[in-house]
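# Reading the structure
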Amino acid sequence: MNSSPEQVLKDIFGYEQFRGPQREIIDELMVCRHALVLMPTGGGKSLCYQIPSLLRSGVGIVISPLIALMQDQVDALRELGVRASFLNSSLPPEAQRDVVQALRTGGLDLLYVAPERLNQPSTLDLLRSLDIALFAIDEAHCVSQWGHDFRVDYLQLSILQEQFPAVPRIALTATADANTRAEIVERLGLSEARHFVSGFDRPNIQYRITQKQNPRQQLMRFLRREHEKDAGIVYCLSRKKVDDTAAWLVEQGFDAVPYHAGLTAEVRQRNQQRFLREDSVIVVATIAFGMGIDKPDVRFIVHLDLPKSLEAYYQETGRAGRDGEPATAWMVYGLQDVIMLRQMMDGSQGNEKFKRVERAKLDAMLGLCEITSCRRQALLHYFGEDTPEYCGNCDACLTPAPTWDGTEAARKALSCVYRTGQRFGVNYLIDVLLGVESDKIFQNAHQHLSTYGIGKELEGNAWRSVFRQLVARGYLNVDHATYGGLHLNEKSRGLLKGEERIDLRIDVQEVLAKPEKKSRSSHKVADADRLLWDALRQCRKAFADEKDVPPYVIFHDASLMDMVHYRPLTEQQFLSISGVGQSKLEKYGEAFLQVIREHEAGH
Ligand code: ADP
Ligand code: ZN
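Residues numbered from 1 in each chain as written. Chains lettered and ligands numbered in written order. Predicted model: local features only at pLDDT ≥ 70, side-chain atom pairs only at ≥ 80, totals over all residues. Heavy atoms only, no water.

### Topic: unusual backbone geometry
- You will see that Glu139, though not glycine, has its phi angle at about 50°, which is positive.
- Residue position: Glu139 is located in the loop between β5 (132–137) and α8 (152–155).
- Its relative accessible area of 24% is what places Glu139 among the partly exposed residues.
- For Asp548, which is not a glycine, the phi torsion comes out positive at approximately 55°.
- As for its placement among the helices and strands, Asp548 is situated in the loop between α24 (530–547) and α25 (551–554). (Helix = DSSP H or I, 4+ residues; strand = E, 2+ residues; numbered from the N terminus. Buried < 20%, exposed > 50% of the residue type's maximum accessible area, 1.4 Å probe, protein only.)

### Examining the domain arrangement of the protein chain
- Parsing the protein chain into structural domains produces domain 1 (5–197), domain 2 (205–398), domain 3 (403–505) and domain 4 (525–602).
- The distance between the C-alpha centroids of domain 1 and domain 3 comes to 57 Å. (Domains from an automatic or database assignment.)

### Regarding the packing of helix α19 (residues 407–419) against helix α20 (residues 426–434)
- Contact pair α19 / α20: the axes reach a minimum separation of 10 Å and the direction vectors enclose 110°. The orientation of α19 with respect to α20, classified from their angle, is roughly perpendicular. Pair α19 / α20 crosses with right-handed handedness. Where α19 approaches α20, its residues Lys412, Ala413, Cys416 and Val417 are matched on the opposing element by Leu429, Val432 and Leu433.
- When grouped by side-chain class, the residues that make up the contact of α19 with α20 number six nonpolar, no polar and one charged. (Axes fitted to C-alpha atoms, helices over the stretch in contact; angles between N-to-C directions. Parallel < 35°, antiparallel > 145°, perpendicular 65-115°, else oblique. Left-handed = near helix turned anticlockwise from the far one by under 90°. Contact = heavy atoms within 4.5 Å. Nonpolar A, V, L, I, M, F, W, Y, C, P; charged D, E, K, R; others polar.)

### A short note on the site of ligand 1
- Taken together, 15 residues lie near ligand 1, and Tyr15, Gln17, Gly42, Lys45 and Ser46 sit nearest.
- A distance of 3.4 Å is found between an oxygen atom of ligand 1 and a backbone nitrogen or oxygen belonging to Gly43.
- Here His556 contributes a side-chain N or O atom positioned 3.1 Å from an oxygen atom of ligand 1.
- Within the complex, 80% of the 560 Å² of free accessible area of ligand 1 lies under protein.
- Here the shell around ligand 1 gets three residues from one element, more than from any other, and that element is helix α3 (residues 45–55). (Near = heavy atom within 4 Å. Polar contact = N/O pair within 3.5 Å; in protein donor to acceptor, adjacent residues only side chain to side chain. Areas by Shrake-Rupley, 256 points an atom, 1.4 Å probe, with all protein chains shown as cover.)

### So, the coordination of the zinc ion (ligand 2)
- On the protein side, the zinc ion (ligand 2) has Cys374 (SG), Cys391 (SG), Cys394 (SG) and Cys397 (SG) as donor atoms, found 2.3 to 2.4 Å from it.
- One can describe the site at the zinc ion (ligand 2) as tetrahedral: its four donor atoms subtend angles covering 103 to 117° at the metal.
- Accessibility expressed as a relative area gives 25% for Cys391, which makes it partly exposed.
- By relative accessible area, which is 9% here, Cys397 ends up buried. (Donors = N, O, S within 2.8 Å, 3.2 Å for Na, K, Ca; no water. Tetrahedral: all angles 85-135°; square planar, octahedral: opposite > 155°, others 65-115°.)

### Details of the environment of Lys308
- Among the structural elements, Lys308 can be located in the loop between β12 (300–303) and α14 (310–317).
- When the C-alpha positions of Lys308 and Ser158 are compared, they lie 35 Å apart, and in sequence the two are 150 residues distant.
- Among residues more than four places away in sequence, those in contact with Lys308 are Leu341, Met345, Glu358, Lys361 and Leu362.

### Structural notes on helix α17 (residues 375–382)
- Of the positions making up α17, those classed as buried are Arg375, Arg376, Leu379 and Leu380. Projected down its long axis, α17 carries its buried residues within an arc of 120°, all on one side.
- Taken from the residues just after α17, Gly384 is the one with a positive phi, measuring 85°. (Arc of directions from axis to C-beta.)

### Remarks on the sheet that holds strand β9 (residues 232–235)
- An order of β8-β13-β12-β9-β11-β10 is seen for the six strands of this open sheet, with the pairing classed as parallel. The open sheet terminates on both sides in strands that have one partner only, identified here as β8 (205–211) and β10 (256–259). Direction aside, the axes of adjacent strands within the sheet are offset by 15° on average.
- Direction of pairing for β8 relative to strand β13 (residues 327–333): parallel, over a ladder of seven bridges. By the bridge assignment, Arg208 is partnered in β13 with Trp330.
- Each of β10 and β11 (282–285) touches helix α12 (residues 239–251); the most contacted strand, β10, lies at about 170° to it. (Pairing = 2+ DSSP bridges.)

Next comes the structure, spelled out in structure tokens:
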């Protein structure tokens with residue numbers, strides 16, 4: 001019998017130490033008190049209720065809205081030797097009877113249930129007849145009408161406090177502002193509960209935003225250099241671009257599949273399944289992809305188009321690196337993105353107030369792109385969290401962007417907008433500044449303007465950067481009626497009159513950023529280790545296929561990296577690998593040790 005939380009952590013889960021507040025949270029539940037847990041994705045929420053469920057008498061009931069994930073969660077627990085099952089509408093009747101039978105005979109440590117299932121009278125009757133270790137309410141923000149994922153079935157969960165007052169409740173979420181939190185406390189009866197609030201930072205995600213030059217070449221370079229055989233998601237705004245990009249990646253030798261609402265359910269399902277089950281599939285997707293996807297080893301998120309808001313950006317990039325290993329959030333953006341999004345917003349349904357909010361959100365997103373200070377700090381600040389000025393793991397910190405005094409150039413640009421009548425787009429304006437001799441310019445007789453040819457000290461691309469920064473920082477407005485025509489606004493005046501100065505960032509060619517410091521388990525695979533790494537992944541894939549589960553259910557990437565790093569040769573050494581407990585040692589130890597021994601012998 002396992003006695004202490006530490007022992008369970010080591011023997012079952014194969015980990016050496018608790019992370020952050022995990023141990024304290026477990027202690028609360030062990031003495032039958034309630035808890036509210038806010039922890040970022042990948043923070044390690046599951047252990048907080050799984051371990052007390054194993055240690056306390058009775059079965060732990062986990063309420064989760066993500067039905068699609070239950071099977072994988074339960075498979076992962078069973079791999080660890082934990083007696084787990086789930087109840088939801090996807091389960092055939094006979095299987096449901098088996099689960100109920102197991103519950104009645106005390107044969108389960110953990111049961112995952114969908115909220116609508118829990119709320120049924122028959123389920124409640126059943127639960128009342130059982131010894132229950134705890135209730136864990138996962139994705140607890142779904143109870144809040146204020147938040148963005150409200151689910152009616154979650155409202156009924158107040159039943160838990162009414163009907164099972166003596167059973168400890170733990171509510172967990174990764175997204176909850178103060179309002180949402182208050183609602184969780186109220187609806188789930190947690191006023192007595194201790195709150196465990198961890199920051200929202202995802203330190204293992206490296207944020208990088210770079211100017212769009214030749215997006216495909218840039219993407220190719222990024223993938224080849226940094227994520228050759230990794231799983232990742234590439235977000236695009238339109239379905240057509242999704243299809244084109246996926247096809248192009250395939251031509252370049254990547255294993256890429258498209259995902260958007262225009263594909264049949266069958267194709268979508270197949271592509272999603274491949275992404276989940278295989279090691280290095282890239283999904284090219286519109287934002288329709290990602291909700292309820294809980295693949296822990298997504299190594300990169302790419303945005304080829306600008307997201308609409310920082311909320312969207314944070315949520316989408318947050319799908320990377322749930323396993324805590326290094327991951328990259330990489331984005332390219334250009335002025336065209338801004339113009340397109342502004343046009344979409346202006347042309348959208350909805351009242352003026354709604355549009356104003358949307359525009360403000362887009363501006364905040366642009367702000368993040370244009371700042372020269374730490375991206376992480378800016379991002380977290382937006383969500384109300386203060387962090388140091390230097391995170392060391394974003395492009396701004398790794399390769400600080402040099403700036404230049406852009407006052408003069410900005411004045412020329414604004415003046416050119418004014419002189420040409422505030423109706424032309426960027427390309428035309430640049431032609432005027434450069435003094436290009438084009439038919440269009442002659443037709444408009446713009447070769448006689450005072451701004452014609454006054455910008456020859458900069459190249460076209462540099463002017464593009466000037467305009468982009470002016471738009472992003474609100475010195476120029478984009479007019480959708482004239483398809484991207486620029487016009488001046490209140491803010492431009494000071495700059496134009498020379499009362500204000502402005503520093504612009506120098507747009508360097510994309511710089512390869514690398515994290516400076518890495519934790520022990522997060523060493524990237526060096527080329528020399530590649531062979532062993534691939535062999536281990538192959539071994540993992542063979543087991544995963546045999547058992548029809550995703551590879552990470554067998555071992556997380558972190559465990560394989562540990563194996564590459566430490567090269568265990570005996571069972572005892574294998575047990576010291578992160579993520580290897582008794583059950584996994586017995587099931588896989590021999591096979592993986594064999595792979596390592598063969599590799600070592602070959603050297
Ligand atoms: P969350 O639900 O908060 O997104 P998970 O519970 O899925 O996060 O945990 C994220 C990852 O971290 C998982 O791979 C999990 O096994 C691992 N993990 C959790 N706690 C620990 C720990 N104490 N030591 C090592 N790894 C841990
Ligand atoms: Zn930073």
